[in-house]
Amino acid sequence: MRNESYETRGIRRFFMEIGGFLKNALGNFFSPEFLSVLVPLLLLWEFLPRMGIIPESLLPRLSTVAATFVDMLRHKQLLLHILYSLGRFFAAFGIAVALAVPIGLLMGWNRKIRAFILPLWQLLAPIPPPAWVPMTIIIFGIGTGMHIFLMVIGIFYPVLFNTYQGIKDTDPRYLASARVFGASEFTLLRKVYFWHAFGSIIMSLKTGVSMGLVMLVIGEAYGGRMGIGYLLGQAKDYFLIPDMMVCMAVTGFIGWFLIEVLKYIEIKLAIWKVG
Amino acid sequence: MIEARSISKFFSVINEKGLAEGLTSVLNVSFTIPDKAIVSLLGPSGCGKSTLLEILAGLQAPTDGEIRIDGRVVLEPLPSTRKETEEYKRRYRFISPLANGVFIDRPKHDIAMIFQDYAVFPWMTCLQNVVFAMRLRSAGKKRSERPTRRETAEKASFYLNKVGLSGVDYKYPSQLSGGMRQRLALARALSVEPRIILMDEPFAAVDALSREKLQDDLLRLWAEAGAGTRPVSIVLVTHDAAEAVYLSDEVFVFSPGPGTIRNRVPVNTARPRARTDPELVEIRERIFAMLQYDIYQESDYSI
């Protein structure tokens, strides 16, 4: 019945997916339109300091930053710092999503549950996540626990509210048509609400990634011995502008990469929208 | 068999001054629809016929009155006194009265419904849409009596073919035309082999040519089901008098204001019918005249 000949499996499938991902993610960068903007910008970055139009002490050249990057990889354990940061980030992201998505689902689904807990989040969410830093340091001390908690605070609210909104806005026609066929509430949640809100959930995860990175840098800059934010803080203390730029670029790359991964997941799971 | 006993439905709406106002959507409607019949609820838009259909399906509770499908009450009416209201609220504190259950899939009645805007799930392929409905319907059976995945898929495919959708099993509804989406909704409704199919202006959004074809297909499928072991009765909401007369055994003509049954017009012409049959044309003209009278004399009716 099903036409299997289009499906590839195993290692070839894996490489095909990687190829598709790279094409999706990098396609924007290598378009002629964007290259005509990017290349002049990079050239300006290199040549403005070189020609002394901008003092090199304020804006190091592109080549200096690249050299610093390599140097940091070799002598300052940059890779290890990145791994530490990523480890904390994923732990926090996992915890935050595991809490926020189910709570959002429940709040969107049931009015009574909403009445019980929604005002709580409405009260707590406006507190800017960085304002939690002093309290967190006192309670958790300086260390991984504090970093993770701060990131969880940052990621939790955007994911929670977007999920809740997506679920609440589910078209009642779809619910009605499933109910007539006899769907239980749990089936509705799994098969109707969730997929209807899928776009907003992915959207919320993207916001969560950026908020998480913000809190990552803030948290690690406040204290710790490892991580990108720590390196950044060190660079600040020693006034090493190239090092700062490397840290910024690395954080930016991580954020971009994670968001591209989420986009790819969305394309793969929401084929019906592409049609 | 569907019995409706003095169904009324009130809504509270906000008027242009920002004040709450009562709106009577359906007022004191009673009827009986026998097995194996096609009955149309005909009326201008806004006469409460869609509301009535949703009440029949158990998607809205009536304010007053009671619907029984094969002797079982569909939804209890809404509370009317303060004490009853409090009791009702307490009973449905966590779960809406419309819910079938929290974890266990179980249809309340042996019905299927087709909506005006199809309401097929865009995130499922055509086959998944049909299979989803079939699995929900067979969930109430004992484990040993449930069909296997493979049987279900085959049967779903069979029903898709039956309504004239072949080769679209793995397509998504967004890749189909409006008429094909309506066929998919029809396949989904037929696949659960219900005793009753409720249709809410099913062909309104389809172009005129496809509509005639869909109507003929519907009659063919209804006749096939009737010849088999599980005859099906159809309740059709429409504002197209020609469609109502061509398809139905009986037409309930609604008048607006509060929606009430104005006339019940039996159509006894033998099937298969021709659209140009003088008998049908005559009934159609008569219904047209009624509707026209209602629309021109609307102010005399409204309370």
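Here the structure is a predicted model, which means the values were calculated and not measured.

## A look at the packing of helix α3 (residues 126-138) of chain B against helix α5 (residues 178-191) of chain B
Helix packing geometry: the angle between the two helix axes and the distance between the axes. All names here are of chain B. The geometry of α3 relative to α5 is characterised by a closest axis approach of 8 Å and an angle of 30 degrees between their N-to-C directions. Classed by the angle they form, the pair α3 and α5 counts as roughly parallel. The handedness of the crossing between α3 and α5 comes out as right-handed. Along its contact with α3, which presents Cys126, Asn129, Val130, Ala133 and Met134, the element α5 presents Leu184, Ala187, Arg188 and Ser191.

## Observations concerning unusual backbone geometry
Cis geometry marks the peptide bond from Arg271(B) to Pro272(B), where omega comes out at -5 degrees. In this structure, Pro272(B) sits in the loop between β10 (260-266) and α8 (278-296). Even without glycine at this site, Gln77(A) takes up a positive phi of about 55 degrees. Structurally, the position occupied by Gln77(A) is in the loop between α3 (62-75) and α4 (78-109). Exposure remark for Gln77(A): the 14 C-beta atoms within 10 Å place this residue in the partly exposed category. In this structure, Asp70(B) is a non-glycine residue whose phi angle is positive, near 50 degrees. Take Asp70(B): there are 12 C-beta atoms within 10 Å of it, and that puts it in the exposed class.

## Let's talk about the domain arrangement of chain A
Residue and element names in this part refer to chain A. The domains assigned to chain A are domain 1 (1-59) and domain 2 (61-274). Placing the centre of domain 1 and that of domain 2 at their C-alpha centroids yields a distance of 24 Å. Between domain 1 and domain 2, the contact holds nine residues from the first and seven residues from the second. Sorting the residues of the side of domain 1 that touches domain 2 by element identifies α1 (10-26) and α2 (32-50) as the ones contributing at least two each. No other element matches α2, which puts five residues into the side of domain 1 that touches domain 2. Grouping the constituent residues of the side of domain 1 that touches domain 2 by class yields five nonpolar, one polar and three charged.

## Some details on the sheet that holds strand β8 (residues 233-238) of chain B
Residues and elements named next belong to chain B. Strand order in the open sheet made by the six strands is β6-β7-β8-β3-β9-β10, with mixed pairing throughout. A strand with exactly one partner marks an edge of an open sheet, and here the two such strands are β6 (111-114) and β10. Across this sheet, the average inter-strand angle for adjacent strands is 15 degrees, counted without regard to direction. Sheet topology places strand β3 (residues 38-42) next to β8; five bridges connect them, and they run parallel. Bridging across to β8, Ser40 finds its partner in Leu236.

## Let's talk about the pairing of β3(B)
All names here are of chain B. Among the five residues that make up β3, five are buried, leaving the element largely enclosed by the rest of the structure. Where burial is concerned, the two faces of β3 agree: the one with Ile38, Ser40 and Leu42 and the one with Val39 and Leu41 are both buried. Strand direction decides the pairing type here: β3 and strand β9 (residues 250-255), joined by four bridges, are parallel. Residue pairing in the sheet places Leu41 in a bridge with Phe252 of β9.

The rules behind these values
Residues numbered from 1 in each chain as written. Chains lettered and ligands numbered in written order. Predicted model: local features only at pLDDT ≥ 70, side-chain atom pairs only at ≥ 80, totals over all residues. Axes fitted to C-alpha atoms, helices over the stretch in contact; angles between N-to-C directions. Helix = DSSP H or I, 4+ residues; strand = E, 2+ residues; numbered from the N terminus. Parallel < 35°, antiparallel > 145°, perpendicular 65-115°, else oblique. Left-handed = near helix turned anticlockwise from the far one by under 90°. Contact = placed C-beta atoms within 7 Å. Buried ≥ 20, exposed ≤ 12 C-beta atoms within 10 Å, placed from the backbone. Domains from an automatic or database assignment. Nonpolar A, V, L, I, M, F, W, Y, C, P; charged D, E, K, R; others polar. Pairing = 2+ DSSP bridges.

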